[in-house]
2 protein chains.
Amino acid sequence: MFYVIGLGLSDEKDITIRGLEAIKSSTRVYLEAYTSILMIEKERLEAFYEKTLILADRDMVETQSDEILENAATEDVSLLVVGDPFGATTHTDIILRARALKIPTRVIHNASIMNAMGACGLQLYNFGQTVSLVFFTESWKPDSFYDRIKENVGLGMHTLVLLDIKVKEQSEENLARGRKIYEPPRYMSIPTAVAQLIETEGTRQEGILNPDTTLAIALSRVGGGVENERIVAGTLRELLTYPAEGYGEPLHSLVIVGKRLHHLEVDYAEAYAINGKSWRDTAKDVYQCALD
Amino acid sequence: MFYVIGLGLSDEKDITIRGLEAIKSSTRVYLEAYTSILMIEKERLEAFYEKTLILADRDMVETQSDEILENAATEDVSLLVVGDPFGATTHTDIILRARALKIPTRVIHNASIMNAMGACGLQLYNFGQTVSLVFFTESWKPDSFYDRIKENVGLGMHTLVLLDIKVKEQSEENLARGRKIYEPPRYMSIPTAVAQLIETEGTRQEGILNPDTTLAIALSRVGGGVENERIVAGTLRELLTYPAEGYGEPLHSLVIVGKRLHHLEVDYAEAYAINGKSWRDTAKDVYQCALD
């Protein structure tokens, strides 16, 4: 059996009992290490699972999937994935390959940011499509996310914005010289994300994102408990100027609040507001939310 | 500490290690038994968790939340919820109440249909808002879901349709006589759901749902493994006439496929198609999907 196992959001204890049993029964266990970022050391996982983990980077999962799948028709082999296995297309690729090889496959689900974002108090059924925001450079500022947000905003839907992660990136020089030397990982922070959103609005000028009247909620390490999780709500400008350390450690995600906002959503998220009065006033006056 | 713990999708082994530890440390453990339906017996959970579970129905969670929260400032108390805790507004209510009482609270996330729907092969970021479909009666056929689907269809987004569950319903006679006698639970099946969609299209006539050219994917018991999980793909008409037993046991959910369909999504879901040729042909000719 080939298992694809979601590890959930935060640490070694977020795996399910079913997932842990599959790991224990496996002769090889791969840890996928690029579509998202594990918040803890591989060694800590190994100690808890009592198994050696084989790191599988993007190259390996995409181009050497037959190596991962070797013997999986007769033995148990597991691929561990941060969050839920269906968060990234790569995992559907390897499952398709397993099917083609007639290897039985089982997916073991877990929480991912795509449902755990409910922690901010906004209702999941009011979210539209999810967008990704990549690091802008001097010469490359892809803004198709703006069109997607515009679509959601037009319907009053909330938008989950996933922020860029750069792992195993090479500098231009190292790339040119063919040196496999990698830069340290980079994670987009909330202030960077908000600055890019505001910059894009400045370029596009379609009135979709207003620094002073668009509400948003920053999420970091959702599910990580009081010592790790941070949820911060405010206007885009409030989020931009909030002290960076207030957002906690990466990963960060951002939710842009849509106009179909319910008063219970406002109440719940108020506990996370940088400025409770500004949060409620904006919800009431700009979002026309029926508050007392 | 007041814990709200997601049980995941299927059975006693879908809980996380963190969730199980919280149960073990709790002096009282409530099992919420109405917003979704547990697929296994309470007794089986109790045996696995080695704890007695107190059933908490809607009345109790909504109107007697102080009873559930009693002593939670000084002892551990857990509320178990099928799927993820943020699937339903009721849980945000009780967390708000806990906050008001200054009781520390921790949410332990898990998979829910809102992310596990990725199992059908459609990409999560291409889903728009989620809709709910209730049982039609002779005199009551609420169709606001149609407007929501229309919004998603307009943008080419996929739509997750959650199907009605009737639990602890009273007959009109028992209700009138004040007798607390409840009807057996009812779960909307895929054929009923599809029939209601087609009926609504017949009434509204806005060309949003076409029995012969709208593709959809039925999901049941996602995450339940090969013995339980069923995924069936086809046109609405194919799904309507497919043998009911082919969909397996409840709960069922339905995904309506949007026009922004990627060829990898078509490839992946083809394994679940009632008629592979019709699936691909419709994806190619009607959805304009770039297939070979």
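Residues numbered from 1 in each chain as written. Chains lettered and ligands numbered in written order. Predicted model: local features only at pLDDT ≥ 70, side-chain atom pairs only at ≥ 80, totals over all residues. Heavy atoms only, no water.

Asks: With reference to specific residues and values, describe the interface of chain B and chain A.
Replies: If you look at the interface, chain B gives 52 residues, while chain A gives 52 residues. At the boundary of chain B with chain A, the tally comes to 8 salt bridges. Where chain B packs against chain A, one counts 30 residue pairs in polar contact (both at pLDDT 80 or more). Looking at the side of chain B that touches chain A, the elements that each hand over two or more residues are α1 (17–25), α5 (89–100), α6 (113–116), α7 (144–155) and α11 (263–270) of chain B. Residue composition of the side of chain B that touches chain A, by class: 23 nonpolar, 15 polar and 14 charged. (Contact = heavy atoms within 4.5 Å. Salt bridge = Lys/Arg side-chain N within 4 Å of Asp/Glu carboxyl O. Polar contact = N/O pair within 3.5 Å; in protein donor to acceptor, adjacent residues only side chain to side chain. Helix = DSSP H or I, 4+ residues; strand = E, 2+ residues; numbered from the N terminus. Nonpolar A, V, L, I, M, F, W, Y, C, P; charged D, E, K, R; others polar.)

Asks: So what's going on with the side chain of Asp164(B)? Residues and values would help.
Replies: All names here are of chain B. Looking at the secondary structure, you find Asp164 in the loop between β7 (159–163) and β8 (165–166). On the accessibility criterion, Asp164 (12% relative accessible area) is buried. A polar side-chain atom of Asp164 sits 2.9 Å from the main-chain amide nitrogen of Phe135. Residue contacts for Asp164: discarding those within four places in its chain leaves Leu133, Val134, Phe135, Arg186, Tyr187 and Met188. (Buried < 20%, exposed > 50% of the residue type's maximum accessible area, 1.4 Å probe, protein only.)

Asks: Which residues make up the environment of Ile17(B), and what are the values?
Replies: With respect to the secondary-structure elements, Ile17(B) resides in helix α1. In this structure, Ile17(B) is in contact with Lys13(A), Ile15(A), Ile17(A), Leu20(A) and Phe48(A), ignoring residues within four places of it in sequence.

Asks: With reference to specific residues and values, describe the relation of the copies chain B and chain A.
Replies: Each of the two copies of the chain can be brought onto the other by a rotation about an axis and a shift along it. Mapping chain B onto chain A is achieved by rotating through 180° and translating by 0.0 Å along the same axis, at an RMSD of 0.0 Å. Each copy turns onto its partner about a two-fold axis. Both copies share a contact surface, since 100% of the interface residues of chain B are interface residues in chain A too. (Least-squares fit on C-alpha atoms with pLDDT ≥ 70 in both.)

Asks: Provide a residue-level description of the UniProt feature "binding site: S-adenosyl-L-methionine" (unreviewed entry) in chain A, including the pertinent values.
Replies: Here, the residues flagged by UniProt with the feature "binding site: S-adenosyl-L-methionine" (unreviewed entry) are Leu9(A), Asp84(A), Gly87(A), Ser112(A), Ile113(A), Leu163(A), Val222(A) and His252(A). Among the structural elements, Asp84(A) can be located in the loop between β4 (77–81) and α5 (89–100). Each residue touching Asp84(A), except ones within four places of it in the same chain, is listed here: Gly6(A), His109(A), Asn110(A), Ala111(A), Ser112(A) and Asn115(B). At 2.9 Å, the side chain of Asp84(A) forms a polar contact with the side chain of His109(A). With respect to the helices and strands, the residue Leu163(A) is situated in strand β7 (residues 159–163). On the basis of relative accessibility, which here comes to 10%, the residue Leu163(A) falls in the buried class. In this structure, Leu163(A) is in contact with Leu133(A), Met188(A), Ser189(A), Ile190(A), Ala193(A), His252(A) and Ser253(A), ignoring residues within four places of it in sequence. (UniProt positions renumbered as here; feature names shortened; annotations may be inferred.)

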